[in-house]
Amino acid sequence: MPRFVGIETAARETWAFHPALVLGLMQTEAYARALHELVKSIEETTSEFIDRNVRVRLMRKEALPRDEHPLRLRAVLYEPALRYVVGDPDLMREQYEEIARLASLPNVSVQVLPQSLRGYLSVHDFTVLHLDDGMPTSVQVDNAWGAASVSDKPREVGRFTRKFNALTASALPPEDTPEFLQQLTREITK
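For clarity, every value in this text was computed on a predicted model and none was experimentally measured.

### Looking at the overall build of the protein
Here's step 1: In terms of helices and strands, the protein carries seven helices and six strands.
Here's step 2: The C-alpha radius of gyration computed for the protein amounts to 16 Å, which stays within 12% of the reference 16 Å derived for 190 residues, consistent with globular compactness.
Here's step 3: Its C-alpha atoms give the protein principal-axis dimensions of roughly 50 × 40 × 35 Å.
Here's step 4: Long-range contacts, defined as pairs at least 24 residues apart, comprise 74% of the intrachain contacts of the protein with a sequence gap of at least 6.
Here's step 5: Total accessible area on the protein is roughly 10,200 Å²; 53% of this is exposed by carbon and sulfur atoms.
Here's step 6: Side chains of the protein give 23 positive and 27 negative charges; the mean places of these two sets differ by 6 Å.

So, in C-alpha cells, the structure goes:
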C-alpha cells in the first residue's frame, strides 16, 4: 500500500473500479472505519492500525476537492457494492450523499454499473493511474493477501485500460448517478 499511495500522489487522473465496495477515494470516514471494524478480528488488526488507515484514506481523498490541480477521477461503482450495507442505514445514507457531492465536482465523473448489466463486468478491483511529469501510466490491482500489485508494463496498462473502457460503456451515464443514489437512499430508509 505505501508504494501505491506514493504513486497515487503523482497521479493527475485516476480511473477506478471496485466490484464489492465503495472506492476508497469516495468513502466517508464512518464507512471506512466500519469496513475496517468488520474485518478487525479476521485480519487481527489493532485500533491504531484502523485509525492510521482511515487517516491515510481521508488524506488521499483531499486531492479531489483541492483548488489547485485537483485529481481527476473517473469512477465506476457497481450496484451491488452500493447496496452492500456497511454499518447502518444512516451511515449508508451519508455515504450516498458523499458520492453525490464528489460526483458534482467538475473533475469527478461517477458512473453506476447496474446489476442488470448486459455488458462487461470485471470481477477484480483495479485502478489506472495517469501520472504527471512524463512518468508511465500505471495500474494497481489488489490481491487476495491484502497487498497491492502495481505495474507500468504497457501490456498490463493496455489490458486494464480496455477493461475500464468496457465498464464505462456498460455503465449508466454520469448524469444518471444522482438519481440512482437518491433511489438507493429512498430504498434504504424504508
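### A look at a nonpolar patch on the surface
Here's step 1: Together, Leu-38, Val-39, Ile-42 and Tyr-84 make up an exposed nonpolar region whose accessible area comes to about 380 Å².
Here's step 2: Assignment of secondary structure puts Val-39 in helix α2 (residues 29–43).
Here's step 3: Judged by relative accessible area, which is 33%, Val-39 ranks as partly exposed.

### Considering the pattern of salt bridges
Here's step 1: Overall, the coordinates contain ten salt bridges when judged by the stated rule.
Here's step 2: Of the charged contacts, one joins Lys-61 and Glu-98 as a salt bridge, the two residues approaching to 2.6 Å between their closest N and O atoms. Residue Lys-61 is found in helix α3 (residues 47–61), and its partner Glu-98 is found in helix α5 (residues 89–103); the two are separated by 37 residues along the sequence. This pair shows no difference in class: Lys-61 is buried, exactly as Glu-98 is.
Here's step 3: Glu-179 is the partner of Arg-186 in a salt bridge, and the nearest nitrogen-oxygen pair spans 2.8 Å.
Here's step 4: Among the residues examined, Arg-186 registers a relative accessible area of 36% and is labelled partly exposed.
Here's step 5: Salt bridges sharing partners connect three or more residues here, namely Glu-29, Arg-33 and Asp-51.

### Structural notes on the confidence of the model for the protein
Do not read the predicted coordinates in detail wherever pLDDT is low.
Here's step 1: Across the protein, the average pLDDT comes to 90, with 94% of residues at or above 70.
Here's step 2: Looking at the elements of the protein, mean pLDDT is at its lowest for helix α1 (residues 2–9), recorded as 58, and at its highest for strand β3 (residues 108–113), recorded as 98.

### Details of the packing of aromatic side chains
Remark: the centre distance and the inter-plane angle together describe each pair of aromatic rings, the angle taken between the planes.
Here's step 1: The tally for this structure, following the rule as stated, stands at three aromatic pairs.
Here's step 2: With 5.1 Å between their ring centres and 55° between their planes, Phe-126 and Phe-160 make a pair best called tilted. Here Phe-160 lies in helix α6 (residues 154–170) and Phe-126 lies in strand β4 (residues 126–131), a separation of 34 residues in the sequence. Here the two residues Phe-126 and Phe-160 agree in accessibility, since each one is buried.
Here's step 3: An aromatic cluster is present here, built from Phe-17, Phe-126 and Phe-160 joined pairwise through their rings.
Here's step 4: Positioned above the aromatic ring of Trp-15, the side-chain terminus of Arg-74 is 4.7 Å from the ring centre.

### Some points on the pairing of strand β1 (residues 11–18)
Here's step 1: Burial runs high along β1: seven of the eight residues are buried.
Here's step 2: Across six bridges, β1 lies against β4 in antiparallel orientation. Residue pairing in the sheet places Glu-13 in a bridge with His-130 of β4.
Here's step 3: In the sheet, β1 pairs with strand β2 (residues 72–78) via six bridges, with the strands oriented parallel. Its bridge partner lying in β2, Thr-14 is registered against Leu-73.

Conventions we followed
Along every chain, residues carry numbers that run from 1 in the direction the sequence is written. Note on the predicted model: pLDDT of at least 70 is required for a residue's local features to be given, and 80 or more for side-chain atom pairs to be given and counted; whole-chain, interface and lining totals, by contrast, use all residues. The side-chain figures draw on all heavy atoms in the structure; neither hydrogens nor water molecules are used. Only runs of H or I of at least four residues qualify as helices and only runs of E of at least two qualify as strands under DSSP, and these elements are numbered from the N terminus. Note on method: radius of gyration uses C-alpha positions; expected globular size equals 2.2 Å times residues raised to 0.38. We call two residues in contact whenever any of their non-hydrogen atoms come within 4.5 Å of each other. Surface exposure here means Shrake-Rupley accessible area, sampled with a 1.4 Å probe, where a residue is shielded only by the protein chains that are shown. When charges are counted, Lys and Arg are positive and Asp and Glu negative, with His and the chain ends excluded. Working definition for charges: the position is that of NZ of Lys, CZ of Arg, CG of Asp or CD of Glu. For patch detection, residues must exceed 30% relative accessible area and be free of salt bridges, and they are connected within 9 Å for like charges or within 5 Å for nonpolar side chains (Val, Leu, Ile, Met, Phe, Trp, Tyr). Should a side-chain nitrogen of Lys or Arg be within 4 Å of a carboxyl oxygen of Asp or Glu, the pair is scored as a salt bridge. Only protein chains enter the calculation, and the probe is 1.4 Å; a residue is then buried if its accessible area is under 20% of its type maximum, exposed if over 50%, and partly exposed in between. Looking at any residue, its pLDDT shows the predictor's confidence there, from 0 to 100. Each Phe, Tyr or Trp ring (for Trp, its six-membered ring) is paired with any other whose centre lies within 6.5 Å, and the angle between the two planes then decides the class: stacked below 30 degrees, edge-to-face above 60, tilted in between. Look at NZ for Lys and CZ for Arg. If either is within 6 Å of the ring centre and within 35 degrees of the ring normal, a charge sits over the ring. For two strands to pair, DSSP has to find at least two bridges joining them.

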